[in-house]
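The primary structure of each chain is shown beneath.
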Amino acid sequence: MESLLSSTDLHRLKWNCRRGLLENDLVLEKFVERDLQTLNAEQVDAFRFLLALEDGDLWDLVSGRAELTPKARARPGLNDVLSLLRRY
């Protein structure tokens with residue numbers, strides 16, 4: 001399966017995965033290695049949305065300590081990406 005991401009987009013996303021919180025770094029590193037290039041366009045947009053969150057908020061979602069707001073749940077692909085991240 002060919003990736004929807006150009007090499008520049010892929011590089012930017014990988015760079016944005018570098019976080020100040022070690023837990024996020026570890027999860028995002030595994031996600032990038034195993035799943036990033038398999039995402040569809042909606043999921044890539046959802047991943048970008050998650051990367052825009054503050055470290056603590058992102059970790060709370062990934063760890064299951066917080067749930068998505070109803071508005072965020074309606075965002076296409078977000079639940080899929082969050083499920084993938086929670087595997088790690």
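Rules used in this analysis
- Residues numbered from 1 in each chain as written.
- Predicted model: local features only at pLDDT ≥ 70, side-chain atom pairs only at ≥ 80, totals over all residues.
- Heavy atoms only, no water.
- Axes fitted to C-alpha atoms, helices over the stretch in contact; angles between N-to-C directions.
- Helix = DSSP H or I, 4+ residues; strand = E, 2+ residues; numbered from the N terminus.
- Parallel < 35°, antiparallel > 145°, perpendicular 65-115°, else oblique.
- Left-handed = near helix turned anticlockwise from the far one by under 90°.
- Contact = heavy atoms within 4.5 Å.
- Nonpolar A, V, L, I, M, F, W, Y, C, P; charged D, E, K, R; others polar.
- Salt bridge = Lys/Arg side-chain N within 4 Å of Asp/Glu carboxyl O.
- Buried < 20%, exposed > 50% of the residue type's maximum accessible area, 1.4 Å probe, protein only.

**Re the packing of helix H3 (residues 41-51) against helix H6 (residues 78-86)**
The relative placement of two packed helices is expressed as an angle between their axes plus a distance between the axes.
Stage number 1. Orientation of H3 relative to H6, taken along the N-to-C sense of each, is 65 degrees, at an axis distance of 8 Å. Here H3 is positioned roughly perpendicular relative to H6, judged by the angle of their axes. Crossing geometry of H3 relative to H6 is assigned as right-handed. Counting all contacts with H3, which are made through Gln-43, Ala-46, Phe-47, Phe-49 and Leu-50, the residues of H6 involved are Leu-78, Asp-80, Val-81 and Leu-85.
Stage number 2. In terms of residue class, the contact of H3 with H6 is made up of seven nonpolar, one polar and one charged.

**Looking at the pattern of salt bridges**
Stage number 1. All chains considered together, the criterion is met by six salt bridges.
Stage number 2. As a salt-bridge pair, Arg-87 and Asp-35 come within 2.7 Å of each other at their nearest N and O atoms. Separated by 52 residues along the polypeptide, Arg-87 in the segment after H6 and Asp-35 in the loop between helix H2 (22-34) and H3 bring together distant segments of the chain.
Stage number 3. With relative accessibility at 53%, the residue Arg-87 sits in the exposed group.
Stage number 4. Among the residues examined, Asp-35 registers a relative accessible area of 9% and is labelled buried.
Stage number 5. Here Asp-45 makes a salt bridge to Arg-48, at a shortest N to O gap of 3.6 Å. Of this pair, Asp-45 and Arg-48 both sit in helix H3, separated by three residues, roughly a single helical turn.

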